[in-house]
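An overview of the molecular structure
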Amino acid sequence: MDKKNLHKLITKNKKAYFDYEIIDSWEAWIELKGYETKSIRAGYVNLKWSYISCINQELYVKNMHISAWKALPNRDSIETSRDRKIFLKKKTIIYLCTKLKEAWFSVVPLELYFKWSLIKMKVWLVKWRKAYQKKQVLKERDMDKQARIMLKKFL
């Protein structure tokens, strides 16, 4: 198989790129049911406002919305935002659980993607940005955009 089919992005948590400062990342497995897998393949998933919490030295993703598969007969009884277990190495889980107890740190899922035929999640250890830092990021992005526009005019 060629490298183009190795990773296919399903969805991104774009708001998290703005709200957090990224410190470290890991690739994780996610526990899904059969109909959830079909829904993700069809693109019915949303990572906005989702986060990862540590319960009894296990990681769970919360508020990840996966819509029910349209062909299911019991669509209304399915819980779309249930807690889903994340699988990582034990040392990594212990490290993330200790970091979650510290102030300003959080663990969020930023990307959901296919790796070959498997569904994987990119898990990030992040630190909250303060309001003035968010404004600074916006200024830097705007300056970069203006510089690219000016560069295009002269080239």
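Everything here concerns the structure above.
The rules behind each value
Numbering of residues starts from 1 in every chain and runs along the sequence as written. Residue-level local features of this predicted model are given only where pLDDT is at least 70; pairs of side-chain atoms are given and counted only at 80 or more, and the full residue set underlies all totals for whole chains, interfaces and linings. Excluding hydrogens and water, the side-chain figures rest on all heavy atoms present in the structure. To count toward a patch, a residue needs a relative accessible area above 30% and no salt bridge. Like charges then connect within 9 Å, nonpolar side chains (Val, Leu, Ile, Met, Phe, Trp, Tyr) within 5 Å. Under the convention used here, a 1.4 Å probe and the Shrake-Rupley method define accessible areas, while residue burial counts only the protein chains that appear. Definition used for salt bridges: Asp or Glu carboxyl oxygen within 4 Å of a side-chain nitrogen of Lys or Arg. Helical segments are the DSSP runs of H or I of at least four residues, strand segments are the runs of E of at least two, and each set is numbered from the N terminus. Burial status follows relative accessibility: with a 1.4 Å probe on protein chains alone, a residue under 20% of its type maximum counts as buried, one over 50% as exposed, and anything between as partly exposed. Residue contacts are defined here by distance: any two heavy atoms, one from each residue, within 4.5 Å place the two residues in contact. Cysteine sulfur pairs qualify as disulfides if the two atoms are within 2.5 Å.

A contiguous nonpolar patch, built from W29, F87 and L118 and spanning about 270 Å² of accessible area, is present on the exposed surface. Secondary-structure assignment places W29 in strand 2 (residues 20-30).

If you trace the backbone, N13 turns up in the loop between strand 1 (7-12) and helix 1 (14-19). Judged by its relative accessible area of 4%, N13 falls in the buried class. In this view, N13 contacts L47, K48, S50, P109 and L110; residues no more than four positions away in its chain are not counted.

Attention now moves to the state of the cysteines. Enumeration according to the criterion identifies one disulfide in this entry. At a sulfur-sulfur separation of 1.9 Å, the disulfide partner of C54 is C97. As the torsion about the S-S bond is roughly 85°, the C54-C97 disulfide counts as right-handed. Residue C54 is located in strand 4 (residues 51-55), and its partner C97 is located in helix 3 (residues 90-101); the two are separated by 43 residues in the primary sequence. Overall, C54 belongs to the partly exposed group, its relative accessible area being 28%.

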